[in-house]
Amino acid sequence: MEKQVKRIGVLTSGGDAPGMNAAVRAVVRTAIYKGIECVGIRRGWNGLINSDFFPMNAGSVSHIIDKGGTILYTARSEEFREPSGRAKALDVCKLLGLDGLVAIGGDGTFRGALALSRQAAEAGHSLQVVGIPATIDNDIGCSHYTIGFDTACNTAVECIDKLRDTMQSHERCSVVEVMGRHAGYLALYVGIAVGATAVLIPERTVDFERDIAEKIRRARLAGTTHFMVVVAEGAGSAVEIGNRIREEIGLDPRVTVLGHIQRGGSPTARDRETASRMGYEAVMVLTAGRGNRVIATQDGRIVDLDMEEALQMKKSFPMDRYQILEALTSTGNRSEGD
């Protein structure tokens, strides 16, 4: 049985990810389809505290599905971490008459949404919240996939392919740092895709001799004259690793930190489609009367999970893919090339 939902809000919070706009579009369009008013909250939880909002309609989300970033902007809010800040945000929700709120972001965004919903309940106000996972790190424990990951991977692959062209021409070593402060999904996925000589991830303790030096030596003995090392930012500094390669192996590496370029760009078809399905499901969950939920992917299906339970879930890192990388970079009988 559907619940009578009159008006909902939607916001993006934390680091931006390609596909966030597609998710916002899906939320707004589905709400309109279900006869629900939708309010856009600018600048995440800060916007909710400071009454930075505007009514959204079909025209508000036209021609944004292919845009990177987020039209709602995003920010982190220290004030919202405190009960007094959430009280201000709750007052705005009451003023707007919001029955529900869709928050698009990562774990921090979901924790904020859950805290707001609980504080609302304590104050005798019902506010149902739903989270949509969007982060290029793909590190949300409850979801097999997060919006933005595929686009970020493709951006990094494109950049590294271009670097390889010049590294090959000059017979050099390239050290590329990609994002991933606490998770190596991006680095490992990209490393396999570009045929990297070595990949360093936070989930595996780095041994310079084993993981870099010996791999470069074996590749050189097999005839390779250019080398690609991909480093997740949480596994170490690309600059420091480049210096060690220079000092201990005698190569003159070129270091590239891709940085925030990985967050930008037009989202891939996978991110657009996944974001659209998640945004649709978020609204359907609210109309079904289920609150405090996280929309997630599980074995290719879109599901909704209890938010408190979802925040406790841990994702096992696919170390089998690291073994694949090891096999594909083996130089026992390999000739020149990747």
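See above for the structure.
Residues numbered from 1 in each chain as written. Predicted model: local features only at pLDDT ≥ 70, side-chain atom pairs only at ≥ 80, totals over all residues. Heavy atoms only, no water.

Q: Explain the sheet that holds strand S11 (residues 301-306) to me, please; I cannot follow it from the model alone.
A: Note on sheets: strands pair through backbone hydrogen bonds, and any given pair is parallel or antiparallel. Spatial strand order, S3-S2-S1-S4-S5-S10-S11: seven strands in an open sheet with mixed pairing. A strand with exactly one partner marks an edge of an open sheet, and here the two such strands are strand S3 (53-56) and S11. With direction set aside, neighbouring strand axes in the sheet form an average angle of 25°. Examined bridge by bridge, strand S2 (residues 37-41) and S3 share four bridges and lie antiparallel to one another. Residue pairing in the sheet places Val39 in a bridge with Pro55 of S3. (Pairing = 2+ DSSP bridges. Helix = DSSP H or I, 4+ residues; strand = E, 2+ residues; numbered from the N terminus. Axes fitted to C-alpha atoms, helices over the stretch in contact; angles between N-to-C directions.)

Q: What exactly am I supposed to notice about the sheet that holds strand S7 (residues 198-200) here?
A: If you walk across this open sheet you meet the four strands as S7-S8-S6-S9, and the pairing is parallel. Strand pairing shows two members of the sheet lacking a second neighbour, S7 and strand S9 (254-257), which therefore form its edges. In this sheet, adjacent strand axes meet at a mean angle of 15° when their direction is disregarded. Bridging between strand S6 (residues 173-178) and strand S8 (residues 227-232) involves six bridges; their strand directions are parallel. Bridging across to S8, Cys173 finds its partner in Phe227.

Q: Before we go on, may I ask you to explain helix H3 (residues 83-96) in this structure?
A: Given 3.6 residues to a turn, an α-helix orients residues that are three or four positions apart in the same direction. The end-to-end C-alpha distance of H3 is 20 Å, a good match for the 20 Å that 14 residues give at a rise of 1.5 Å each. Where H3 is concerned, the buried positions are Gly85, Arg86, Ala89, Leu90, Val92, Cys93 and Leu96. Buried residues in H3, looked at end-on, bunch into an arc of 155°, giving them a common side. Opposite the packed face of H3, turned more than 90 degrees from it, sit the exposed residues Ser84 and Leu95. The secondary structure elements touched by the buried residues of H3 are strand S1 (7-12), S2, helix H2 (44-49), S3 and helix H4 (107-122). Just beyond H3, the residue with positive phi is Gly97, at close to 70°. (Expected span 1.5 Å × (residues − 1). Buried < 20%, exposed > 50% of the residue type's maximum accessible area, 1.4 Å probe, protein only. Arc of directions from axis to C-beta. Contact = heavy atoms within 4.5 Å.)

Q: Looking at this model, I keep getting lost on the nonpolar core. Mind explaining?
A: One broad rule of soluble globular proteins: the nonpolar side chains tend to lie buried together. Core analysis: the largest hydrophobic core is formed by 78 residues, its most contacted members being Ile8, Ile104, Ile132 and Val230. Leave out the neighbours within four places in its chain, and Ile132 touches Val27, Val102, Ala103, Ile104, Gly105, Phe110, Ile147, Met278, Gly279, Ala282 and Ile295. Counting residues in hydrophobic clusters, the runner-up holds 31 residues, among them Ile41, Phe80, Leu96 and Val303. (Core = buried A, V, L, I, M, F, W, Y, C linked by side-chain atoms within 4.5 Å.)

Q: Explanation requested: the packing of aromatic side chains in the structure shown.
A: Centre distance and the angle of the planes are the two values used to describe a pair of aromatic rings. Summed over all chains, the structure comprises four aromatic pairs. Ring geometry for Phe149 against Tyr189: centres 5.4 Å apart, planes inclined by 80°, an arrangement best described as edge-to-face. Within this pair, whereas Phe149 is found in helix H5 (residues 149-170), its partner Tyr189 is found in helix H6 (residues 185-194), the two being separated by 40 residues in sequence. Residue Phe149 is classed as buried on the basis of its relative accessible area, which comes to 5%. By relative accessible area, which is 31% here, Tyr189 ends up partly exposed. Taken together, a centroid distance of 4.9 Å and an interplanar angle of 55° make the contact between Tyr185 and Phe317 tilted. Taken together, the positions of Tyr185 in helix H6 and Phe317 in the loop between helix H10 (307-312) and helix H11 (319-328) put the pair 132 residues apart, joining distant regions of the chain. By the burial criterion, Tyr185 is buried, and Phe317 matches it. In this structure an aromatic cluster arises from ring pairing among Tyr145, Phe149 and Tyr189. Over the ring of Tyr145 we find Arg270; its NZ or CZ atom is 3.8 Å from the centre of that ring. Above the plane of the ring of Tyr185 lies Lys315, whose end atom (NZ or CZ) is 5.1 Å from the centre. (Phe/Tyr/Trp six-rings, centres within 6.5 Å; stacked < 30°, edge-to-face > 60°. Lys NZ or Arg CZ within 6 Å of the ring centre and 35° of its normal.)

Q: Could you clarify how one ought to interpret the packing of helix H7 (residues 208-221) against helix H8 (residues 238-249) in this entry?
A: A packed helix pair is summarised by two numbers, namely the angle formed by the two axes and the spacing between the axes. Close contact between H7 and H8 brings their axes to 11 Å; oriented N to C, the two are set at 60°. Judged on the interaxial angle alone, H8 and H7 are oblique. Taken as a pair, H7 and H8 cross one another with a handedness that is right-handed. Together, Phe208, Ile212, Ala213, Ile216 and Arg217 of H7 and Ile241, Arg244, Ile245, Glu248 and Ile249 of H8 make up the contact between the two elements. (Parallel < 35°, antiparallel > 145°, perpendicular 65-115°, else oblique. Left-handed = near helix turned anticlockwise from the far one by under 90°.)

Q: Looking at this structure, how should I read the pairing of S11?
A: As judged from the six bridges shared by strand S10 (residues 293-298) and S11, these two strands associate in the antiparallel manner. Counterpart to Thr297 in the pairing with S11 is Ile302. Here S10 folds back onto S11 in antiparallel fashion, the turn holding two residues, of which Asp299 has a positive phi close to 55°.

Q: For this particular structure, what's the right way to read the environment of Ile49?
A: Structurally, Ile49 is set in helix H2. Sequence separation of Ile49 and Phe80 is 31 residues, and the distance between their C-alpha atoms is 7.6 Å. If sequence neighbours within four positions are ignored, Ile49 has contacts with Ser77, Glu79, Phe80, Gly85, Lys88, Ala89 and Val92.

Note that every value here comes from positions in space, so none of it alone points to a role or purpose.
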